Structures are given as C-alpha cells and as structure tokens.
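Understanding the architecture of this molecule
Now for the letters of each chain:
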Amino acid sequence: MTDDADSPKVGRPKKSAVGIPGIAHSLQYALTEMGPVRTAKTLLKMNHIDGFDCPSCAWPDPDRRKAAEFCENGAKAVAWEATRKRVGPEFFAANSVAELLEQPDHWLEYNGRLTEPMYLAPDATHYTPISWDAALALTADRLRAMDDPNRAVFYTSGRASNEAAFVYQLLARRLGTNNLPDCSNMCHESSGAALGQTIGIGKGTVTLPDIADQADLIVIVGQNPGTNHPRMLTSLEDAKKRGAKIVAINPLPEAGLVKFRNPQTPRGLAGPGTKLADRFLSVRVNGDLALFAGANRALLERDDAALGTVLDHDFIARYSDGFDEAATHWRGLDWATIEAQCGLRRKQIEDFVSDVIAADKIIVCWAMGLTQHRNAVATIREIVNFLLLRGNIGRPGAGAAPIRGHSNVQGDRTMGIWERMPDTFLDKLQAEFGFDPPREHGWDTVNAIRAMRDGQVDVFFALGGNFVAATPDAEVTAASMANCKLTVHVATKLNRSHLHHGREALLLPCLGRTERDHQASGEQFVTVEDSMSMVHSSIGRLAPGSPHLRSEVAIVTGLGLALFGEDVGWGEMRDDYRTIREHIEHVVPGFHAFEERVAHPGGFILPSGPRDSRTFPTATGKARFTVNPPDTVTVPDGHLLLQTVRSHDQFNTTVYGLDDRYRGIKGGRRVVFVNADDLRQFGLADGDIVDLISVWRDEERRAKAFRAVAYDTPPGCAAAYFPEANVLVPLDSTAETSNTPTSKSIVIRLERSA
Ligand SMILES: Nc1nc2c(c(=O)[nH]1)N[C@H]1C(S)=C(S)[C@@H](COP(=O)(O)OP(=O)(O)OC[C@H]3O[C@@H](n4cnc5c(=O)[nH]c(N)nc54)[C@H](O)[C@@H]3O)O[C@H]1N2
Ligand SMILES: Nc1nc2c(c(=O)[nH]1)N[C@H]1C(S)=C(S)[C@@H](COP(=O)(O)OP(=O)(O)OC[C@H]3O[C@@H](n4cnc5c(=O)[nH]c(N)nc54)[C@H](O)[C@@H]3O)O[C@H]1N2
Ligand SMILES: [Mo]
C-alpha cells in the first residue's frame, strides 16, 4: 500500500461506541493476522491473572474480570504483535533502506515481526544479518569509544516492563549518563509536573473502584476513551448505572463520550446502549484553563452567597495553603475574557458548576487534550485547584485521574526512566550497586533531538517506540538521526525510525508481551504498573515469533555484560528476573516484599500519601493552591488552532488501517476536520483538498494534500491525525515546565492544494 491509496471517504460520524461492529471488526482482524487457534489462545489470556497485560493502554483491570477482558483496540494491538507474518533477512535483502523509506508507515509494520538481528554498515544500502554477540560487542565498542558518556542517548517507549526498564536505566547510569528521554516527555509529562508541584506526587489519586463504584460526578477532559481506553467505558457504564453523572469537555463530540454499547453484555450488543455524558461542553482547543478558572471563580461566588457552605473550608484550612492568593486572583477575573478564551458562555460554566455542587465526590480524568499545550501545566494545576476547593482529593470516590497511554509508561517512570530522577533515588542506586550514578540532569526528548541536530550525540539507543515518527518536527528529527555514529533499535516490528539511521545501525528484535520468555532459571514473568498504580504480573503464552528473538531484559543485560563484565551482576539478572525484582525492592519505594505481593492475584497497589491519608509530600507538607492566569494561544485572523488526534485504527505511530469509524472516515488519513463556517469564510468547502501550513515565529511548515471535512468542532479549531501532522509541530514550541511538544496547539492556515 502506498500513500496514493489514501483517499478518504467521509460519512456521518457515529453517536455511540462499540457494540457489534466493534467486536466483528476486531475478530476479523485477529483471525487474519493470527489464525483461529492463536486468536482464541491469545485473546482469552489477555488481562487475566495468569495471562499477559494488554499492550494497548494503561487502563487498570477490574477485580471482577469478564471471560473476555479486552476491547476492540486491545485485540488489534495483540493481533498486530502475534501476527504470523515475518520480516527476515530475505525481506531486507530484497528491499534497500532507500526503497523502504518510500513506503508508508502502515506498510512497514504490516509486513510482520522482525526475526533476527540486522546490521547496516557505513554507506551500505541494505540491512544484513549479524549475530547477537557481534551486535552487542559492536554497540559496546561504539559506546566505549565516546569521549563523554553524555554523547549517548537511551530512549524508552512505554511498553517496556518494570524489569526491562530497571536494568535499562541501570545501564545508562552505570555508563555515566542521565540521558533517558522517553515517550512520557511527549505524553503525561505535564500531568506529572503539575501534580508534583501541587500535591507532591506526579501520579493520580484514584483507583478503579473510585470511578466505577463511588464517584458522583466524573469529568472527562481532553480524552477520547471510546478509541484510546475502551475498557474505561465499562467502568463509566457501571458508574452511570448507580446514578453517577458524567460531564465531557472536548472540542469534538467523540462517540465514546456520547453513548456506549457494551459488547460484554447481550443488552449492550443488541440494544440502544447507555447514554454516557449528561453534559457536553464543546470547549475551544486550549480553552480549558479559562474554563476551569471560570468554574473556580463561580464556586467562590456561590460559596459567598451560601455563607461558606459550598467550599470545603475545613479541608482547605487543614490540608492546603495558598487559598487566599488564589481566591483574590479568581475574584479579579473578568467573564468576558473567560468566555472568549474557552468559547463557552458563562451560563454553560455556571450550569456545570451546579453539577459540581450537587456532587459530593468528584473525579476529573484527563489525557492528551490537556497535556500537549504551551500552558498545559498551568491548566492541570487549575484542575487541582478545582478539586481542592471542595476537598475532592484523598477520599473515596474523588480525585485526580490522569489516564496514561502506553501500558507501562507509569511503571517505567517508577523504575527510574527519567532524565531528572531525584537524588533520593540515585542514592539508593548507589548503595545497592556500589557505583556513583551521574547527578547532572540528562536530556528529555526535545533536548535530545536538539543535541542530535547539533552533532552532540554519537550513539542513539531506543528500547521500543518510533522516535522519528512520534516526535515533533518529523523532518528535523529524521535529519538529526543521520548525525549519530550509531543508531540501535530494540523492536518487534520495522518502522520509520529504523530507516533514518546513523552512520551505522542495528535492529535488535525482541519478544513481545504475548510470548513465552525462557531464561536459564526457567520461564519468566514480568511486572507492570497501570494508570492507577496497581503493580501486577504479565506472562506470555505463545511460542516466540522466531528462535532468535531475545527478551528486552536479555538484550539490555547482554549489553551490560559486553560493556562492564559481571560488575553489578548482569548475568544473574538475565538468568532470573527475581534478582532484578530484589534490586527494585531495595531501590524503589513501595516495593517491599515485591516477589510475594506480586504473586497475589491482581498484584498490589503502590502507596500514595495524597490518596491514602491526605499527606502531601510538598515543600510545605500541604496541598498547594496556585495562581494560574487564564491565557490561550493567540490565533491571527484567517488561521485555525490545530490539534492532532488518534484515529480509531491506530496505536500511536502504528497504523492498523485507514478507517476512523466513529468519526465517519473510511479509507484515508489525510483529512482535516474544520468547522463549516470557517471553511465558508476561507472560501473553501467540504471535500476540497488543502495544504496545512503551520505558522510559528517567522517559520512555515507545510503538510500537503488533506481533504477538508466539515465537522462539529468550535469555530477557529481544527483537527488532523498524528503522525501525519507531526511535520507541522515546531521543535521549539513546547509546554512551559514540562517541555512537552505542543501537538494540540498548532497555529495553521489552509491553502488550496496546487
Ligand atoms: N487504540 C489506541 N489506544 C491508545 C493509543 C492509541 O493510539 N490507540 N495511544 C495510547 C497513548 S500513548 C495515549 S497517551 C492515550 C491517548 O489518549 P487520548 O488523549 O484520548 O488521545 P488523543 O487521540 O490524542 O485524544 C485527545 C482528545 O482530546 C481532545 N482535545 C484536543 N485538544 C483539546 C483541548 O484543548 N481541550 C480539551 N478539553 N480536549 C482537547 C481531542 O478532541 C480528543 O478527544 O491513549 C493510549 N491508548
Ligand atoms: N502530533 C502528535 N505527536 C504525538 C502525540 C500526539 O498526540 N500528537 N502523542 C505522543 C504520545 S502521547 C506518545 S506516548 C508518543 C509515542 O511514541 P513512541 O512510544 O515512541 O511510539 P509508538 O508508536 O508507541 O511505538 C511503536 C513501535 O514500538 C515497537 N514496539 C511495539 N511493541 C514493542 C515491544 O514490546 N518492545 C519493543 N522493544 N518495541 C515494541 C514497534 O516496533 C512499533 O513500531 O507519541 C507522541 N507524539
Ligand atoms: Mo502517550
């Protein structure tokens, strides 16, 4: 398939999510990729206590598991990994790197699983096979040749297990660098930063039962669960059944937020489904800071009118500080500014505030719609203010719920994958392993790209992911890779990042979640941490896709051995993952009796001061109100604010197919969703083919030939798919504090295509 095949057909968007079409779609898909026996064996083990953790998202597993505890998109993710197709040496002999670069992302991965290590020599045109020993020796050699350990970069995508992540950060720090950028830098970094500043811990404060069984009001902001966390819909349905209300805040009326037909129940398959959102606020892109500031101001005014009975003054006095400054700030806000920035009328915000006052227990869930803006950290801090005002943190059924993306992105952070781990962690690492870990902070994703661009990186190593396609300014990143002496990718499938290579390149194929992992001491399992801090085991049951595959742990510890010999016990860790878990127990807080507790069905939950006891590990020991003046991106006349979203047929840069069923798109991804009035004003119509030109400072970036789709989104806003639109995101346009690329706030104009 080539990009010429990208010719989208546009139908009516769906009002409800899942039901029969979803199930049929995922089964058909699984059967084609895996065949009937593998399909049954795999899907029935997914998210079960003796099975593997679904690699598709970080949504937690309920205590009451269904026979088939998976969703349409989880089934696709698994089928994609457990496919019977293979990309072996013959494939690479038949296709040069230059030829492969001409192919679209979908095609690259579609060809199947990588089967053995491959090497691209300097100036070579084709990848050729290499033995594991030679590949690891070569990598060790190039790392040793650097005159400064900080000339290496170790990237991680959030699928790595706790065990793999732990040995990986150990390897980087043993070498002497904190250059550990990860996908989280582009994902929930803003959430971690905002929560760290306000409640003292960069994670959410709710559990699955809080959502399903306890909350009175669930506010879902900047998240599309129907596509990206489909199993969340089941919990939302449970919540609705016991009378909870749901408010959705989103510039797009996403199908999963509107209505849900649960495929796990006969009624859901056949019936009309559950109406999910009781209130839908069609906020302007990047209008959430103003919206929540307005809501907080309204709460304050209602409290004045109701003689102090609206806010939780006891909580505020006992557990927080900074309230007076924040209150003074809110009283000074002006409604006209708030309305203009969020695109909603005061009445709409006041009605939402009435829902808030009627609810004793409130949870706010959010994802990428909030984190990828310049003011993302301020927006999330304002949401913490909103929760603090009525004491909605640290009691059952209430709290902050950043909904994570990759299945173990939260666990990877806990394990030390971060360019800025605190000294407390590094001290423990030093005590456990007896070397001095570097203290100087390393590069995050954006800074790593800048360093590569400027020729400061010799070796780029990636544990999974698709760095070139997922990062901003795709063309800049692609060019930067060429400045490295060696690029190494540990991967399951071929992708674009393997084709934009350094002087030399290695492709190291690894086991996936679904596969058996056999080491010297026997069959191994790994552990992961979900979005709600539950740590549990994951064990694959399928035979490995090729006899040459190695586990991520074996690859990383193998490199450790090649570099340092046995010094910290790399071989022991490789042979028996219990050794790694013992080290984790000594280094990472919350993991005492790790082996024993993770053997419990369902695992265990990591402690959280704010959630468990209203203890806030901030500088003052209290939760902190903050002052966050409303602001939003200025969009000049004739321009739009573009957000980049996922379709229903992709996992990040992995494109399963060209449809986006819920939004009514079939057979193509080069579409731009625009309000019909805006199109008219620009002299354009639905169906026109346009170029998207992003305007940043005095630079212009262009993405060519998108079909304009008249869509229900607020005036001035637009949406297109990630990663096709990544060429438009300027590398230097990042969120304050978190340095996350502003993938949801790109100022663009449309130009009819030539
Ligand atoms: N099937 C599938 N599952 C996935 C993924 C996948 O690609 N496919 N990716 C995984 C990963 S890594 C992640 S991080 C998550 C991502 O999960 P989501 O965050 O749900 O993913 P996006 O598609 O980026 O959707 C962002 C949502 O925010 C809305 N939005 C955009 N801008 C704004 C704004 O300014 N304000 C508000 N209020 N809303 C806004 C968009 O309309 C959209 O509904 O999903 C994970 N799960
Ligand atoms: N414009 C725009 N850009 C974005 C976003 C956006 O919303 N808009 N979202 C951002 C977000 S939230 C994220 S998380 C990043 C994602 O960035 P990444 O995590 O870097 O990208 P993925 O597409 O998830 O990685 C897919 C690749 O992972 C490899 N893989 C799959 N399974 C395994 C495994 O088990 N082991 C190993 N070693 N490799 C495996 C496969 O080779 C596959 O090609 O993208 C970010 N980029
Ligand atoms: Mo993500």
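Our structure's up above, just so we're on the same page.
Residues numbered from 1 in each chain as written. Chains lettered and ligands numbered in written order. Predicted model: local features only at pLDDT ≥ 70, side-chain atom pairs only at ≥ 80, totals over all residues. Heavy atoms only, no water.

From N to C terminus, the protein chain includes 31 helices and 33 strands. Taken over C-alpha atoms, the radius of gyration comes to 25 Å for the protein chain, in line with the 27 Å a tight globule of 754 residues would show. The buried share of the protein chain, taken over its 754 residues, is 65%. Long-range pairs, those at least 24 residues apart, make up 78% of the contacts in the protein chain between residues at least 6 apart in sequence. On the protein chain, roughly 25,600 Å² of surface is accessible, and the fraction owed to carbon and sulfur atoms is 53%. Distance between charge centroids for the protein chain: 5 Å, based on 83 positive and 95 negative side chains. (Helix = DSSP H or I, 4+ residues; strand = E, 2+ residues; numbered from the N terminus. Rg over C-alpha atoms; globule rule 2.2 N^0.38 Å. Buried < 20%, exposed > 50% of the residue type's maximum accessible area, 1.4 Å probe, protein only. Contact = heavy atoms within 4.5 Å. Areas by Shrake-Rupley, 256 points an atom, 1.4 Å probe, with all protein chains shown as cover. Lys, Arg positive; Asp, Glu negative; His and termini not counted. Charge placed at Lys NZ, Arg CZ, Asp CG, Glu CD.)

By the element assignment, serine 733 lies in the loop between strand E32 (717-721) and strand E33 (746-752). Here serine 733 falls in the buried class, since its relative accessible area comes to 8%. When near neighbours in sequence (up to four residues on either side) are disregarded, serine 733 contacts Trp696, Thr740, Pro741 and Thr742. At 2.6 Å, the side chain of serine 733 and the side chain of threonine 742 are in polar contact. (Polar contact = N/O pair within 3.5 Å; in protein donor to acceptor, adjacent residues only side chain to side chain.)

Taken together, 33 residues surround ligand 1, and among them Asn250, Glu254, Asn286, Asp288 and Asn652 come closest. Asparagine 73 is positioned with one of its side-chain polar atoms (N or O) 3.3 Å from a nitrogen atom of ligand 1. In the model, a nitrogen atom of ligand 1 is placed 2.7 Å from a nitrogen or oxygen of the glutamine 650 main chain. Summarising the interface, the protein chains cover 99% of the accessible area of ligand 1, which totals 920 Å² for the free molecule. Elements represented by at least two residues in the shell around ligand 1 include exactly helix H10 (225-228), helix H19 (368-371), strand E25 (640-645) and strand E26 (650-651). Of the residues in the shell around ligand 1, the class split is 12 nonpolar, 17 polar and 4 charged. (Near = heavy atom within 4 Å. Nonpolar A, V, L, I, M, F, W, Y, C, P; charged D, E, K, R; others polar.)

For the rest of this paragraph, the subject is unusual backbone geometry. Cis geometry is found at the peptide bond from phenylalanine 722 to proline 723, where omega equals 5 degrees. Residue leucine 307 is not a glycine yet carries a positive backbone phi of 50 degrees. Along the chain, leucine 307 falls in the loop between helix H14 (288-305) and helix H15 (313-319). Here asparagine 739, not a glycine, exhibits a phi torsion of approximately 60 degrees, which is positive. Among the secondary structure elements, asparagine 739 is positioned in the loop between E32 and E33. Note on asparagine 739: relative accessible area 15%, which makes it buried.

Tyr155, Ser157, Ala470, Glu552 and Thr653 are the nearest of the 31 residues found near ligand 2. Taking glycine 464, its main chain carries an N or O atom lying 3.5 Å from a nitrogen atom of ligand 2. Within the side chain of arginine 646, an N or O atom sits 3.1 Å from a nitrogen atom of ligand 2. Computed on the free molecule, ligand 2 has an accessible area of 930 Å², of which 96% lies beneath the protein chains in the complex. In terms of residue class, the shell around ligand 2 is made up of 11 nonpolar, 14 polar and 6 charged. Formed jointly, the shell around ligand 2 draws a minimum of three residues from each of two domains, domain 2 (86-184 + 408-591) and domain 4 (640-752). (Domains from an automatic or database assignment.)

The next point concerns the nonpolar core. One finds Leu143, Phe154, Phe166, Leu506 and Phe591 to be the most contacted residues of the largest nonpolar core, which totals 59 residues. A total of 9 residues in this core trace back to one element, the largest contributor, which is helix H7 (residues 162-175). Apart from residues no more than four positions distant in its own chain, phenylalanine 591 is found in contact with Thr414, Met415, Val535, Ile584, Glu585, Arg597, Phe604 and Leu606. Counting residues in each nonpolar core, the second largest holds 55 residues, with Ile249, Leu299, Phe386 and Phe616 among its members. (Core = buried A, V, L, I, M, F, W, Y, C linked by side-chain atoms within 4.5 Å.)

So, about helix H18 (residues 346-358). The end-to-end C-alpha distance of H18, which contains 13 residues, comes to 18 Å, matching closely the 18 Å that a straight helix rising 1.5 Å per residue would cover. Where H18 is concerned, the buried positions are Ile349, Glu350, Phe352, Val353, Asp355 and Val356. (Expected span 1.5 Å × (residues − 1).)

This part is about the packing of aromatic side chains. Taken as a whole and assessed by the stated rule, the structure comprises 23 aromatic pairs. Taking the centre distance of 5.9 Å and the plane angle of 40 degrees together, the rings of phenylalanine 154 and phenylalanine 461 count as tilted. Taken together, the residues span a long stretch of sequence, with phenylalanine 154 in strand E7 (residues 152-156) and phenylalanine 461 in strand E16 (residues 459-463) at a distance of 307 residues. You'll find phenylalanine 154 and phenylalanine 461 in the same group, each marked buried. Taking 5.4 Å as the distance between ring centres and 70 degrees as the angle between the ring planes, the aromatic pair formed by phenylalanine 323 and phenylalanine 625 counts as edge-to-face. With phenylalanine 323 in helix H16 (residues 323-331) and phenylalanine 625 in the loop between strand E24 (623-624) and E25, this residue pair connects regions lying 302 residues apart in the sequence. With relative accessibility at 6%, the residue phenylalanine 625 sits in the buried group. (Phe/Tyr/Trp six-rings, centres within 6.5 Å; stacked < 30°, edge-to-face > 60°.)

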